[in-house]
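The residues making up each chain are set out below.
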Amino acid sequence: MVEVMRRFSTSLTITLLLFVTLFPVLWTFLGSFKTLKDIVTPVPVLFFTPTLANYAVVLSTPAVQLGLMNSVIVVGCSVGIGMLFGIPAAHALARDVFGLRDKVMFYVLSLRFLPPVAIAIPFIALYLDLGIHDTRGSLILTYCLTTISTMIWLGVPAFEQVPRDIEEAASLEGCSEFQIFCKISLPVALPSLIGAVLFTFVIVWNELLIALSLTSQNFTLPVVAATFTMMGMEVPWGIINASSIVLAIPPLLFIGLIMQFVNRFFRVHTPVSAEP
């Protein structure tokens, strides 16, 4: 009886937490198909005639198309650069090759503590002097601070879980450091590293303040979504909800593709046990 009550309370708690977490997303999704009259009514409308007018306004706006293209290019390049430099650096720090692990980790963590404005203001002056202000390249360079530092911070624990014995055994077999990293350490730490990549991607994709400070023409999609709040005298809640859904679709697609890759990777590399 006690075990049944414990399972019931656990299930009820999880259900309540899921409801609290997913209800704002569901309400935003429903609001994206409502007219402004159905949204601002004092009594919430649960049954309504759906409309695609909000999505038509969002998708037909040239700024949304430009912002989406800029976000894909900027976020894709910055996350790629973060992986290229952050993952090998995390492996070196996990093995403490240069004896600088604690100092570098503290510096990396301090980068995450900095408010976005503290990063943007010095870069504005620097990019103006270099003549690259308000360009995709300048935004990619700025985002690399976030991607590289986040990949290092989350990658070090991933590589610390890799047993050193198998790396030492591979070294005794004549493998170089690069071969050990690519063929042994990286595949073992891959599940945790994929989580780090996804987390980094979501952070940079949803970043607003840095892009708002550094761009006026090469803006990203979150900047465009924020501008919908300034359309006319009335707040266009339906358009805002639709823009939020459009903003959330690319990360969901990216996560889906990554999860398919992970499933295929483990399906190929997991040995099949022979039946007796």
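Given the structure is predicted, the values throughout are model-derived calculations rather than measurements.

The rules behind each value
Residues numbered from 1 in each chain as written. Predicted model: local features only at pLDDT ≥ 70, side-chain atom pairs only at ≥ 80, totals over all residues. Heavy atoms only, no water. Helix = DSSP H or I, 4+ residues; strand = E, 2+ residues; numbered from the N terminus. Rg over C-alpha atoms; globule rule 2.2 N^0.38 Å. Buried < 20%, exposed > 50% of the residue type's maximum accessible area, 1.4 Å probe, protein only. Contact = heavy atoms within 4.5 Å. Phe/Tyr/Trp six-rings, centres within 6.5 Å; stacked < 30°, edge-to-face > 60°. Expected span 1.5 Å × (residues − 1). Arc of directions from axis to C-beta. Axes fitted to C-alpha atoms, helices over the stretch in contact; angles between N-to-C directions. Left-handed = near helix turned anticlockwise from the far one by under 90°. Nonpolar A, V, L, I, M, F, W, Y, C, P; charged D, E, K, R; others polar. 1 Å grid on protein atoms, 1.4 Å probe; cavity = no way out; pocket = protein on both sides within 12 Å on 5 of 7 lines; lining within 4 Å. Points joined across faces, edges and corners; volume = space filled by probe spheres on them. Core = buried A, V, L, I, M, F, W, Y, C linked by side-chain atoms within 4.5 Å. Salt bridge = Lys/Arg side-chain N within 4 Å of Asp/Glu carboxyl O.

1. Focus: the overall build of the chain
Thought 1: Looking only at helices and strands, the chain has 12 helices and zero strands in total.
Thought 2: When the helices and strands of the chain are listed from N to C terminus, the series reads α-α-α-α-α-α-α-α-α-α-α-α.
Thought 3: On C-alpha atoms alone, the chain measures out to a radius of gyration of 23 Å, which is more than a quarter above the 19 Å that the 2.2 N^0.38 rule sets for 276 residues.
Thought 4: For the chain, the spread of C-alpha atoms along the principal axes amounts to about 70 × 70 × 35 Å.
Thought 5: Residues counted as buried form 35% of the 276 residues belonging to the chain.
Thought 6: Contacts in the chain between residues at least 24 apart in sequence constitute 75% of all its contacts with a sequence separation of at least 6.

2. Description of the packing of aromatic side chains
Thought 1: Across all of its chains, the model carries eight aromatic pairs by this definition.
Thought 2: Relative to Trp 27, the ring of Phe 23 lies with its centre 5.7 Å away and its plane at 25 degrees, an arrangement referred to as stacked. Of this pair, Phe 23 and Trp 27 both sit in helix 1 (residues 2–31), four residues apart, which is roughly one turn of that helix.
Thought 3: A relative accessible area of 34% places Trp 27 in the partly exposed class.
Thought 4: An aromatic cluster of three or more residues is present, and its members are Phe 19, Phe 23 and Trp 27.

3. A few points about helix 5 (residues 101–113)
Thought 1: In this model, helix 5 (13 residues) spans 18 Å end to end at C-alpha, consistent with the 18 Å of a helix rising 1.5 Å per residue.
Thought 2: Those residues of helix 5 that fall on the buried side of the exposure criterion are Met 105, Val 108 and Leu 111. The buried side chains of helix 5 occupy one side of the element, clustering within an arc of 115 degrees when seen end-on. Of the exposed residues in helix 5, those oriented more than 90 degrees away from the buried face are Asp 102, Lys 103, Phe 106, Tyr 107 and Phe 113.
Thought 3: Here the buried face of helix 5 lies against helix 4 (62–94) and helix 7 (136–160).

4. Side note on the packing of helix 6 (residues 116–130) against helix 7
Thought 1: Between helix 6 and helix 7, whose axes approach to 11 Å, the crossing angle comes to 145 degrees. Once helix 6 is placed against helix 7, the crossing between them reads as right-handed. Two secondary-structure elements touch here, helix 6 through Ile 119, Phe 123 and Tyr 127 and helix 7 through Ser 138, Leu 141, Thr 142 and Leu 145.
Thought 2: Class assignment for the residues of the contact of helix 6 with helix 7 results in five nonpolar, two polar and no charged.

5. Quick look at empty space enclosed by the protein
Thought 1: Scanning all chains against the criterion turns up one cavity of 30 Å³ or more.
Thought 2: Taken as a whole, the largest cavity spans an internal volume of roughly 30 Å³.
Thought 3: In terms of lining residues, the largest cavity is bounded by Val 58, Val 64, Leu 221, Val 224, Ala 225, Phe 228, Ser 243, Val 246 and Leu 247.
Thought 4: Elements that contribute at least two residues to the lining of the largest cavity include exactly helix 11 (221–227) and helix 12 (237–269).
Thought 5: Class assignment for the residues of the lining of the largest cavity results in eight nonpolar, one polar and no charged.

6. So, the layout of surface pockets
Thought 1: Of the voids in this model, the second largest pocket is the one considered here, and its volume is about 250 Å³.
Thought 2: Lining the second largest pocket are 13 residues, and of these Met 83, Ile 87, Leu 186, Leu 190 and Val 197 lie nearest its centre.
Thought 3: For the lining of the second largest pocket, the elements supplying multiple residues, two or more each, are helix 4, helix 9 (177–205) and helix 12.
Thought 4: A class-by-class count of the residues in the lining of the second largest pocket yields 13 nonpolar, no polar and no charged.

7. Digging into the nonpolar core
Thought 1: Core analysis: the biggest nonpolar cluster contains 49 residues, and Val 58, Leu 139, Tyr 143, Val 156, Phe 159, Leu 214 and Phe 228 have the highest contact counts within it.
Thought 2: The element best represented in this core is helix 7, accounting for nine residues.
Thought 3: With near-sequence residues (within four places) excluded, Phe 159 lies in contact with Ile 87, Ala 90, His 91, Ala 94, Arg 95, Phe 181, Ser 185, Leu 186, Ala 189 and Leu 193.

8. Let's talk about the pattern of salt bridges
Thought 1: Evaluated as defined, the whole model comprises three salt bridges.
Thought 2: The shortest N-O distance in the salt bridge between Arg 101 and Asp 102 comes to 3.5 Å.
Thought 3: Relative accessible area serves as the criterion here: at 23%, Arg 101 is assigned to the partly exposed category.
Thought 4: Close ionic contact of Glu 160 with Arg 101 constitutes a salt bridge, the shortest N to O distance being 2.6 Å. Placement of Glu 160 in helix 7 and of Arg 101 in helix 5 is noted, with a sequence separation of 59 residues between them.
Thought 5: Several salt bridges converge on common partners, so that one network encompasses Arg 101, Asp 102 and Glu 160.

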